[in-house]
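Survey of secondary and tertiary structure
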Amino acid sequence: MKNLVVESFGPLKKCNVEIGNLTVLVGNQGVGKSTIAKLYSSLVWLEKALFLGKKDINKKISKTYFMELLKFHQIDSYFTGNTIISYYGDFCRIFVKDSVVNAEKNKTSDLYCLPKIQYIPAERNLVSAIDKYENISYLSPNMQDFVEIYDAAVQSEKTSDLKLPIDNLKVKYDKRTRKVIVYNDSYSIPVGIAASGIQSMMPFIVVIKYLEKIVFNENKLSTLKNLAEKKSLNEQFLRVLGYIPEDVEHDENVRKNIQRLFDSCVVSILEEPEQNLFPNSQKTMMEDLLEFLNTSKENNLIITTHSPYILETINNCIYAAALSEKNIESNDILPSKQQISYSNVSAYKIHDGIAESIKIDELKQIDPAEIDSCSVSINEVYSKLSDREYENE
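These numbers come from a predicted model, not from an experiment. (Residues numbered from 1 in each chain as written. Predicted model: local features only at pLDDT ≥ 70, side-chain atom pairs only at ≥ 80, totals over all residues. Heavy atoms only, no water.)

Side note on the sheet that holds strand β11 (residues 188–190)
As a reminder of what qualifies: Here, a strand pair is defined by DSSP locating no fewer than two bridges between the strands. Runs of E in the DSSP output that reach at least two residues are strands. Runs of H or I that reach at least four are helices, and both are numbered from the N terminus.
Taken together, four strands build an open sheet; the order of strands is β8-β9-β10-β11 and the sheet is antiparallel. Looking at the sheet topology across the chains shown, the edges are occupied by β8 (162–163) and β11. Pairing of β8 with strand β9 (residues 170–174), which is carried by two bridges, proceeds in the antiparallel orientation. Within β9, the residue paired with Leu162 across the bridge is Val171.

Structure, rendered in C-alpha cells:
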C-alpha cells in the first residue's frame, strides 16, 4: 500500500494514512478529510511528473513548483516552515521538511503503473445546474480541471447513452441544444431540471466511465505506435526501455512495460459521493463505483463521506469477497466485480488533527458506528422525552 504521513498542515496535526485500492475518509466538517485527499492528489501528480522526467528525481524539487501543485487545490496556505510530509508511492518516496522537497526512487519502482489522475470536487453539481458551465469565470483550478474533463466526457461517443446506477436512467448529449439529457422509459429532461441527487451524481459517473473507456478500452499498442511515429515518446522509451523501439506493436519489451508507457490505471479522488442521494441510491451508486475500481488491480479510489450507508455497502462487498475467498458462493447476492478484499481497503476517521483507523480486524469490517454516532445521540434524546412523559402520567 501507498503511505502518506503529514504533520502541521492546515487542520492536520499528525496523520499517518495508508492508501489502499479503496480509501475512505470520514469525520466532521472542517477536520481535514478533503485536505488529505487534495494533498494525496498533489503528491500523486508529482510522482507522475518525476516518473515522466518532467522533474529530475536526482535533484531537489523547487518549493515554488511544489507550492503550485498545492495551489491547484487551494491548500498552499496550509504549508508552513513546520510542515512535514512523507509520501511513499509505487515509484518513489517524496519527503518534505524545513520547506525542502526531496524525492528518491523506490526499489520497487519497476512496478509503477502510469495513472490517469482525476480529482472530483464536491462543487461538481455546478455543471449540472448551469447550462453554459464552460463559460463560468473564477472557478478554482481543480474545479476548472473537472469542468474540462466533464465537457469532453459528455460530448464523447464513448459515453453516449451511458447508464446511471439509479432509476434505470441514461445520459446523452443533445448537440443541437448543447444540453445534457437524462432519460428512461418514462421521461426525458435536461439534467438542469432533474432531481438534485441526479445533478450531484451524474457528473462524476460520466467522468469516471469516460476515464475507464479511454484508459482500458483503447488499443494501447496502436496509440503508442502513433505517438512513436511523431517521436513524442522517445525520451520515455529511453527512460523505461533504454532504447527507442523500431517496431512498437511487435516489440516484446514494449508489451511488458506498457503500463509504464501509457496511462494504464485510474486514480480517482471523489468528495462526498452521497450528496443529495436517497440511501438506496447511495448503495447502488457505491456498488457501481466498486465495479469501476475492480477494472484494474492498480486503480485507486479515495472518497470522503459523511454517510453510514456508504460504509455499510462497502462492508457488504468486503463480506462477499471474504466468502468468495472461502469458496462460498456469494456472486448471486453481490457480483464478484463489486466485491473487494478487506486487505485492499483503508478507512480512517479524521478528528482533532489526527487520522484514526476505523477498520475492525477481528471482524474484517469498517466500523460504521464511527460515522453514525449521531443516531445514538438522537435515540438518547427520544428516550429522555419518553421517560419524561411516563414520569408525568
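The rest of the description comes next.
What about the packing of aromatic side chains?
Our working definition: Side-chain rings of Phe, Tyr and Trp (the six-membered ring for Trp) are treated as a pair once their centres are within 6.5 Å; stacked means planes under 30 degrees apart, edge-to-face means over 60, and tilted covers the remaining angles. Buried residues are those whose accessible area, probed at 1.4 Å on protein chains only, stays under 20% of the maximum for their type, while exposed residues exceed 50% and partly exposed ones sit between those limits. Two limits define a charge over a ring: the Lys NZ or Arg CZ must be within 6 Å of the ring centre, and within 35 degrees of the ring normal.
Summed over the entire model, instances satisfying the criterion amount to seven aromatic pairs. Arranged with centres 6.0 Å apart and planes meeting at 70°, the rings of Phe66 and Phe79 form a pair that is edge-to-face. Taken as a pair, Phe66 in helix α2 (residues 63–72) and Phe79 in the loop between α2 and β4 (84–88) lie far apart in primary sequence, 13 residues in all. The buried category is assigned to Phe66, whose relative accessible area is 0%. A network of ring pairs unites the aromatic residues Phe51, Phe91 and Tyr112 as a single cluster. Directly above the aromatic system of Tyr183 lies the positively charged group of Lys172, at a separation of 4.8 Å from the ring centroid.

A closer look at the environment of Arg239
Keep this limit in mind: We call two residues in contact when some of their heavy atoms are within 4.5 Å.
When you line up the elements, Arg239 lands in helix α7 (residues 234–240). Taking the relative accessible area as the measure of exposure, Arg239 reaches 36% and is therefore partly exposed. Residues Arg239 and Gly53, spaced 186 residues apart in sequence, show a C-alpha to C-alpha distance of 8.2 Å. Those residues in contact with Arg239, other than ones at most four positions away along the chain, are Phe51, Leu52 and Gly53.

Details of the packing of helix α4 (residues 141–155) against helix α5 (residues 196–216)
To keep things clear, this is the line we draw: Angles here are taken between N-to-C directions and fall from 0 to 180 degrees, while the axes themselves are lines fitted to C-alpha atoms, restricted in helices to the stretch in contact. Should an angle lie under 35 degrees it is considered roughly parallel, over 145 roughly antiparallel, and from 65 to 115 roughly perpendicular; all remaining angles are considered oblique. Three classes are used: nonpolar for Ala, Val, Leu, Ile, Met, Phe, Trp, Tyr, Cys and Pro, charged for Asp, Glu, Lys and Arg, and polar for all others, with Gly counted as polar.
Relative to each other, α4 and α5 sit at 70°, their axes nearing to 9 Å. Taken together, the axis directions place α4 and α5 in an arrangement best described as roughly perpendicular. Only Met202, Pro203, Phe204, Val206, Val207, Tyr210 and Leu211 of α5 make contact with α4, whose side of the interface consists of Phe146, Ile149, Tyr150, Ala152, Ala153 and Val154. Residues of the contact of α4 with α5, tallied by class, amount to 13 nonpolar, no polar and no charged.

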